[in-house]
Amino acid sequence: MTQANYLQAIQTLNLWAKHYYVLDDPIATDEEYDILYHKVKSYEEANPTQIAQDSPTQRVGDKILEVFNKSSHIERMWSLDDIFNSQELQDWIKRVEKAGNSTFVIDPKFDGASLNLLYENGIFLKATTRGNAFVGEEVTQNAKTIPSIPLSIPYRGRIEIRGECVIAKESFETLNQERLQRGEPLFANPRNAAAGSLRQLDSKITAKRKLQFIPWGVGYCEISENSFFALMQKIRSFGFITSPFSALCANQQEIENAYQALREKRETYPITLDGMVIRVDDITLQKALGFTIKAPRFACAYKFPAVEKKARLLSITLQVGRSGVVTPVANLEPVWIEGAKISRATLHNFDEIHKKDIQINDFVILIRSGDVIPKIIKSLPALRDGTQKPCEIPHFCPICGSELLIEEKLIKCQNLNCEARIKNSIIHFASKNALNIDGLGQKIVELLFDMQKITSIEDLFSLKYEDLATLEGFKEKKINNLLEAIANTKNMDLWRVINALGIEHIGEGASKKLALSFGMDFWNKTYEEYLGLEGFGEEMANSLVEFCKVNQERLKKLLAILSPKIPTLAVSENSNIKGKTFVITGTLSQKREFYQEKLESLGAKVSGSVSSKTDFLLCGKEAGSKLQKAQQLGVKILDEEKFNQLLDS
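Bear in mind the structure is a predicted one, so any value in this text is a computation, not a measurement.

Looking at the secondary structure, you find serine 114 in strand E4 (residues 113-120). Given the relative accessible area of 12%, serine 114 is considered buried. Side-chain polar atoms of serine 114 contact the side chain of arginine 130, separated by 3.1 Å. Among the polar contacts made by the side chain of serine 114, one reaches the side chain of glutamate 164 at a distance of 3.1 Å.

Attention shifts here to the pattern of salt bridges. One pass over the full model with this rule turns up 20 salt bridges. In this structure, the salt-bridge partner of lysine 356 is glutamate 352, at a minimum N-O distance of 3.1 Å. The exposure class assigned to lysine 356 is partly exposed, which follows from its relative accessible area of 23%. One salt bridge in this structure joins glutamate 553 and lysine 556, with 3.6 Å as the shortest N-O distance. Here glutamate 553 pairs with lysine 556, and both are found in helix H20 (residues 552-562), just 3 residues apart, close to one helical turn. Look at lysine 556 and you get partly exposed, because its relative accessible area is 36%. A single salt-bridge network, built from bridges that share partners, covers Asp107, Arg236 and Arg279.

Below, the discussion takes up unusual backbone geometry. Positive phi is not limited to glycine here, since asparagine 121 has a value of about 55°. Even without being a glycine, histidine 505 presents a positive backbone phi close to 75°. Along the chain, histidine 505 turns up in the loop between helix H16 (494-500) and helix H17 (508-518).

Within the largest apolar cluster, 53 residues are counted, with the highest numbers of intra-cluster contacts made by Phe429, Leu440, Leu501, Ile506, Leu514 and Phe522. When contributions to this core are tallied by element, the ones reaching two or more residues are helix H12 (422-430), helix H13 (442-450), helix H15 (476-487), H16, H17, helix H19 (538-550) and H20. Beyond its immediate chain neighbours, meaning those up to four positions away, leucine 514 contacts Ile498, Ile506, Gly519, Phe522, Tyr530, Leu533, Phe536 and Leu544. Ranked by size, the runner-up nonpolar core spans 37 residues in total, among them Phe68, Phe187, Phe213 and Phe240.

Attention now goes to empty space enclosed by the protein. Evaluated as defined, the whole model comprises 1 cavity of 30 Å³ or more. For the largest cavity, the calculated volume is near 30 Å³. Partitioned by chemical class, the residues of the lining of the largest cavity number 4 nonpolar, 2 polar and 2 charged.

Hydrogen bonding along the main chain pairs the strands of a sheet, whether they run parallel or antiparallel. Overall, parallel pairing links the 4 strands, which are arranged E22-E21-E23-E24 in an open sheet. The outermost strands of the open sheet, each flanked by one partner alone, are strand E22 (605-607) and strand E24 (636-638). Taking the axes of each pair of neighbouring strands and ignoring which way they run, one obtains an average angle of 30° across the sheet. Note: strand E21 (residues 581-585) against E22, 3 bridges, orientation parallel. Residue valine 583 lies in a different strand from E22, and its bridge partner there is serine 607. Together, E21, E22 and strand E23 (616-619) form the strand contacts of helix H21 (residues 592-601), whose direction differs from that of E21 by roughly 170°. Strand contacts of helix H22 (residues 625-633): E21, E23 and E24, with the helix running at about 145° to E23, the strand carrying the most contacts.

Cut-offs used in this document
- Residues numbered from 1 in each chain as written.
- Predicted model: local features only at pLDDT ≥ 70, side-chain atom pairs only at ≥ 80, totals over all residues.
- Heavy atoms only, no water.
- Helix = DSSP H or I, 4+ residues; strand = E, 2+ residues; numbered from the N terminus.
- Buried < 20%, exposed > 50% of the residue type's maximum accessible area, 1.4 Å probe, protein only.
- Polar contact = N/O pair within 3.5 Å; in protein donor to acceptor, adjacent residues only side chain to side chain.
- Salt bridge = Lys/Arg side-chain N within 4 Å of Asp/Glu carboxyl O.
- Core = buried A, V, L, I, M, F, W, Y, C linked by side-chain atoms within 4.5 Å.
- Contact = heavy atoms within 4.5 Å.
- 1 Å grid on protein atoms, 1.4 Å probe; cavity = no way out; pocket = protein on both sides within 12 Å on 5 of 7 lines; lining within 4 Å.
- Points joined across faces, edges and corners; volume = space filled by probe spheres on them.
- Nonpolar A, V, L, I, M, F, W, Y, C, P; charged D, E, K, R; others polar.
- Pairing = 2+ DSSP bridges.
- Axes fitted to C-alpha atoms, helices over the stretch in contact; angles between N-to-C directions.

Dropping the structure here:
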């Protein structure tokens, strides 16, 4: 195959893929596609420097990411304000018409994960999730696996094309069945499945999820066009899926007619719909209308009403999460809601169950509202037939049998060795705010655990060079750096070790207080002794007692391995800020811990939130809501210079 043949073959493959995935009109057999695909792949293996960026072989990368990088949108990704009835639609149209007259563009509102695609010189460069509207996570490798995202387009300018990543109801049902068979948690709905699929560190997993991308708008765009409808028609012609039911409407009645027609298709349409998006068509008028703080004034989402169904609650399964939190899950007689078969729904917690008077074998009402998450909103006691049984609060973990920590809304397994939470406890133990083991991030912990190199926190400290040498990606320098980082955790401050244990309600501040007050004997105190510490409440004391009782032997072993040092805090008796409460916010010249330790050494208290009891706010650059609240409450605000002057006075 020559290079010219190779480039022609890529064009042919991309055309065939467009007809198959985008137009739903195949013009080649699977066999023809596979034969030509393998010819292209063979050419690329022989000529690795000549691989075209839009080759279909580039859709699935072999590299597994450690983390997602943050990426800024050129233009902000706005949210939409919601309307729910004809009166709200009329009010919205009146506000629009004050700025000028225009027709309206209507599109179905798909329920998925929003994605921003950047193209430059015709080549797909980057895909970024919505994030906080300004900055999202870059998921380019995963986006390349979605066949309905073209790797090249005929437009050569710079453009951000925005749309929804969705998964069809049928594919969603198949995916959940597969997860059920593997004993994995089920996705709550297609949107949850689409978002989770986009955020896989291994793009090969995303490739299996059958995602589709449907464009609904643009960000940065240099195309000269004053009709939004015409602009989107042009963009869809670049090789994207055409949005069904997209149309122009002249007035409210036409919008209402289109809305009712779309509602009728809601349950039978293969992709979940949760409403209709209405936009002003005239782009000049869009710009004149502008934006509110969070949404454009020229567009809104006309949401569908909630869907309610009755189902029988057959039983309750206790699901133990990675942090040890026990969540009751309702097993239901299957019902269909918007084309999805629902047989499970979260019950949140036992406090919620009792408030809603839910019993096993009750009929309950399931609701799928604008956010399409199925929820049990109430039971139907009038339909009880005597077979109902109360939902008893568990006292022992269904996985490991350990006694559970039980609070009003929280039930948690505290056993660090519980199979359901081992991985997560190791990840937290090594994290930055705990023992800060450099090089031991989440993916490395998962790899070591899955390869059975570690099965508990203690196993970290018995890792040897030869244990790591056989693992993919582990070379001499990486192995030595990791082993050195683990070794450096010995003789660390005791508070770091306590914080690393992940005890419910016990954060950095409480860990320091425990270390200073009780030293190495912190695990062997009574409920009353914990409660006697300043700032410790009943929940904190109860959590400590339960945790230390369940993990007593392991705590002794860990303390013996780590030999932590007990820090002493020399508090100045003559400090003029002794007993004062500080809050720290914004970006300062040193890490926040530096100022906290300085203040505590002078007898001051450091709080995480501003209140009427706050004496001073130490404020750096880019301060947010804490600064506003301090100003409202009349709290004295210090920049770094004034802070240093206060300490020196």
